[in-house]
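# Coordinate inspection notes
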Amino acid sequence: MEVNVTSRLKSVLFGAIGSFTLASLAQAQPAPEPAPAAQPPAAAEPPPAAEITPPPAAPPPAADPPPLATPEPPPAALAPNPPPAGATAPTAFKIEAANGSSLKLGVLLQPQFSAVGDFTRDSMAMNLFIRRTRILIGGSLFGTVEYFLDTDYPNLFLASSSPTPPTAESSPKNTPGMNIQDAFLTYKAVGDAFKIDAGYMLPPMSHNAVQGAGTLYSWDYFAGTFQHSAAFGSSGNPVGRDAGLQLRGLVLDNHLEYRVGLFQGLRDGQTEDEVGANNMFRTTGRVQVNVFDAETGFFYAGSYLGSKTVLSFGAAFDIQDDYKYFAGDVFADLPVGGNVVTAQVNVAHWDGGDFLTTLPKQTLLAGEAGFHISDLHLAPILRFEKLMYADGEDGAPPPPSDLTRLGIGLAYFPSGHNLNIKAFYTHNTIEDGDHAAKQFNLQGQLYVF
């Protein structure tokens, strides 16, 4: 009988405790917030039989569910970064294969209006023509060999400034034609540290002489950069190119670039006793110290328009037989507060000696400087050139007169080097000239590669 009373008493007590607990929990929670859905009432798990003390009103801190590893969503997935300001369309038509081979096609067009004066005659010669008309082909083979080839017909439909005879009633215009401008292969033997170039290319001379025509800063190269171009005995003007083999690379964490090569140069004529072209080749070399970013391509740029920070110091040589060439240059292309300061100075000296008799001893000092205002895509640019000839030896014909060029211009880069317009005025003077020769050039550019 004692057992039954005790059992009944326990049932009554536990029922009262359960009811009290449910009421307490209901009153403890504020009305706006619903009770935790997953939390059962305390009576669902009775205490041990001997223990009749009420359970705690709230579970321990663990009842606050531990931060359920609520992962922070990656920002990129929720808000993709906007494209950089001034982003341009793809700059190349490219086909790629799985084995590392690729084919890239491009074009360079530079329509131009020019008005050019003369040192002795009056008025100005005005022309509408295409300064450069190029088709570009490049790519890679199996990831280790690169190739590049481009064609050109320079100065398409430019009227000749020296018609024959000089008093002819009309000036003949350059008619359509095509020549190979560059054609070479590059074998990447050890990545960027050691490459081998073979073919028809620009030898490693001054910085301006190794720049690509599609990425020039001003409207063209310095007028005196390729003084040697026609002196090596070709049927046409190769505009600084020569055929040969070149080794180049970037070492010391890309802070030092070297280029050295053997090129055709001038080939000897045959004699009664010996065949022609039996003389030693032309040897050309260049070193460049890169303080910041390296210029990793075969062609340098006149400006990287903020995509690189470049400060370099270069030196070059070119020798064959009695001919000698030496050059030094400084190139700066530095982003400053979202804009870009660009400047370069080239000093070059040629001495044809008894070997290149058509190349008199001369020295060129040339420079340009500009400030690219990125928000406006505008760059005012100043240019200077001084070509100085050494006095001729006794009995030799007098050297040409020294020539000075001062230029000022404005370049508009709405799509960088892909699409731009450049307007330049140049004041040209020579010693003992009748008067200065004024020059105005307005040139557009479409460059895709």
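Up top you'll find the structure we're talking about.
Notes on the structure follow.

About the thresholds
- Residues numbered from 1 in each chain as written.
- Predicted model: local features only at pLDDT ≥ 70, side-chain atom pairs only at ≥ 80, totals over all residues.
- Heavy atoms only, no water.
- Salt bridge = Lys/Arg side-chain N within 4 Å of Asp/Glu carboxyl O.
- Buried < 20%, exposed > 50% of the residue type's maximum accessible area, 1.4 Å probe, protein only.
- Helix = DSSP H or I, 4+ residues; strand = E, 2+ residues; numbered from the N terminus.
- Phe/Tyr/Trp six-rings, centres within 6.5 Å; stacked < 30°, edge-to-face > 60°.
- Lys NZ or Arg CZ within 6 Å of the ring centre and 35° of its normal.

Applying the stated criterion across every chain, the model contains 17 salt bridges. Lys-94 is paired through a salt bridge with Glu-96; the nearest N and O atoms lie 3.7 Å apart. The partly exposed category is assigned to Lys-94, whose relative accessible area is 48%. Given the relative accessible area of 62%, Glu-96 is considered exposed. As a salt-bridge pair, Asp-197 and Arg-248 come within 2.5 Å of each other at their nearest N and O atoms. Here Arg-248 lies in strand S7 (residues 242-251) and Asp-197 lies in strand S6 (residues 194-201), a separation of 51 residues in the sequence. Of the two residues examined, Asp-197 and Arg-248, each falls in the buried class. Members of the salt-bridge network, linked through shared partners, are Arg-131, Arg-132 and Asp-220.

The next point concerns the packing of aromatic side chains. The full count for this structure, using the stated rule, is 10 aromatic pairs. Members of the aromatic cluster, each reached through a chain of ring pairs, are Phe-148, Phe-184, Phe-298, Phe-299 and Phe-449. Positioned above the aromatic ring of Phe-298 is the side chain of Arg-259, whose terminal nitrogen or guanidinium carbon lies 5.4 Å from the ring centre. If you follow Arg-282 out to its NZ or CZ, it ends over the ring of Phe-232, 4.2 Å from the centre.

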